[in-house]
Amino acid sequence: MSYLEPRAGQTSGDDTSVPAPRPQHLGDIMPEPEREPEPAKRGPGRRRAGKNGKRDGGRAGRNLPAAIAVGVSLVLLVLASLLIWPPAFPGLIAVAAGAGVWEMTRALKASGAQPPLIPLLGGALLMVGLAWHDGPDSLLVGLAVTVVASLLWRLADGPKAVRRDFTSTLMIAVYVPFLLSFAVLLQLPDADTDGRWRILCTLFAVVLSDTGGYAAGVFLGKHKMAPSISPGKTWEGFAGSICASAIGSALLLYFLLDIPSYWGLLFGAVLSVVAVVGDLAESMLKRDLGLKDMSHLLPGHGGIMDRLDSILFAVPTAYLLFAVIAHQL
């Protein structure tokens, strides 16, 4: 019963000897109307939502124009380094390896590890240079020197630091500069002739795998491949990746390197599998570290490692496959 009712404060019956209490304030009898919440102010890094509730700038908050511009620029840069001035390609690989080492070192600090950045950066440059100058044997020497130098660097903080950071240091040294240096080995020994075509065939096989997997996944994808790691991947998309990469590689290897088409089919299929594995491996690493992107070096793309994830496993596999094909032919 409220104070606005005519018999509020009276007893039942006709007795009105007890007067009803009078409200002292208007707010006691009329509650204040509810105020509409003020719109949240736009803070730093927050994008405005469109009318449909989605962020502007493309799918998943990406800046689509920037992503296209950066992607085209990267492709042109690689093509220029291979077709116009081949000696620039190892320098491009060294820059990519250094950026990847920086991203990985920064990301792994979230797990409590402290991998040493400076010796790992120096080791990345050393491995790329040795691969270019002396080949695969020197690349192994460069890896060993990098790991030993990094551990000696951490020894300054005591044996406990060495034990804590050994695994992360070894993983960074192998995962980024060592695997990426095989792109330089693909270019050798004939950097001006078949070497550039071997690299282009490898890169196009990865691109075809990604494109075929995306198209098949969009139109046919129903069965999730690894929902806990990469929810967007499906088995139908995986099949599309293998088919697109195998068919495209058969044509590329035949016309560019005069390699029989059956070898091209095998080359493309194997590279598609390892490219997908590389993509899943990086996705699992980012999920464990609680990251969406490794960094924001490339607008619309994320970090260098977000673009190298498939390539890192593909280039050493391509190097081995080309060696087998050359031996068989």
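All figures in this text were calculated on a predicted structure; none of them were measured in a lab. (Residues numbered from 1 in each chain as written. Predicted model: local features only at pLDDT ≥ 70, side-chain atom pairs only at ≥ 80, totals over all residues. Heavy atoms only, no water.)

Attention shifts here to the overall build of the protein chain. Each helix and strand in the protein chain was counted, giving 11 helices and 2 strands. Counting from the amino terminus, helix and strand elements in the protein chain follow one another as α-α-α-α-α-α-α-α-β-β-α-α-α. Out of the 329 residues belonging to the protein chain, those deemed buried represent 41%. Once local pairs closer than 6 in sequence are excluded, the contacts in the protein chain between residues at least 24 apart make up 66%. (Helix = DSSP H or I, 4+ residues; strand = E, 2+ residues; numbered from the N terminus. Buried < 20%, exposed > 50% of the residue type's maximum accessible area, 1.4 Å probe, protein only. Contact = heavy atoms within 4.5 Å.)

This brings us to helix H9 (residues 235–257). Taking 1.5 Å per residue as the helical rise, H9 with its 23 residues ought to reach 33 Å, and the 31 Å between its terminal C-alpha atoms agrees with that figure. Packed against the buried residues of H9 are helix H8 (194–220), strand E1 (224–226), strand E2 (230–234), helix H10 (261–289) and helix H11 (304–328). Of the residues trailing H9, aspartate 258 is marked for its positive phi of about 60°. (Expected span 1.5 Å × (residues − 1).)

The next subject is unusual backbone geometry. Here the phi dihedral of aspartate 258 falls at roughly 60°; this positive angle occurs in a residue that is not glycine. Among the secondary structure elements, aspartate 258 is positioned in the loop between H9 and H10. Using a relative accessible area of 63% as the deciding quantity, one classes aspartate 258 as exposed.

Moving on to the environment of alanine 94. Residue position: alanine 94 is located in helix H3 (residues 88–108). On the basis of relative accessibility, which here comes to 13%, the residue alanine 94 falls in the buried class. Along the backbone, alanine 94 and methionine 127 are 33 residues apart, and their C-alpha atoms lie at a distance of 8.8 Å. Leaving out residues up to four positions away in the same chain, alanine 94 has contacts with Leu125 and Val128.

All right, on to the packing of helix H5 (residues 136–155) against helix H6 (residues 159–180) then. The relative placement of two packed helices comes down to the angle between their axes together with the axis-to-axis distance. Where H5 meets H6, the axes come as close as 9 Å, and the angle between the chain directions of the two elements is 150°. Taken together, H5 and H6 sit at an angle that is classed as roughly antiparallel. The crossing of H5 and H6 is right-handed. Taken together, the residues of H6 that come into contact with H5 (itself represented by Leu139, Leu140, Leu143, Thr146, Val147, Ser150, Leu151, Arg154 and Leu155) are Pro159, Ala161, Val162, Arg164, Asp165, Phe166, Thr169, Leu170, Ala173, Val174 and Phe178. Grouping the amino acids of the contact of H5 with H6 by side-chain chemistry returns 14 nonpolar, 3 polar and 3 charged. (Axes fitted to C-alpha atoms, helices over the stretch in contact; angles between N-to-C directions. Parallel < 35°, antiparallel > 145°, perpendicular 65-115°, else oblique. Left-handed = near helix turned anticlockwise from the far one by under 90°. Nonpolar A, V, L, I, M, F, W, Y, C, P; charged D, E, K, R; others polar.)

Turning our attention to the pattern of salt bridges. As a working rule, side chains carrying opposite charge can pair if their charged atoms are close by. One pass over the structure, following the stated rule, counts 6 salt bridges. A salt bridge links glutamate 282 to lysine 286, with the shortest nitrogen-to-oxygen separation between them at 3.7 Å. Taken together, the residues span about one helical turn, with glutamate 282 and lysine 286 both in helix H10 at a distance of 4 residues. Take lysine 286: its relative accessible area is 12%, and that puts it in the buried class. Each of Arg154, Asp157, Arg164 and Asp165 takes part in a single network of salt bridges with overlapping partners. (Salt bridge = Lys/Arg side-chain N within 4 Å of Asp/Glu carboxyl O.)

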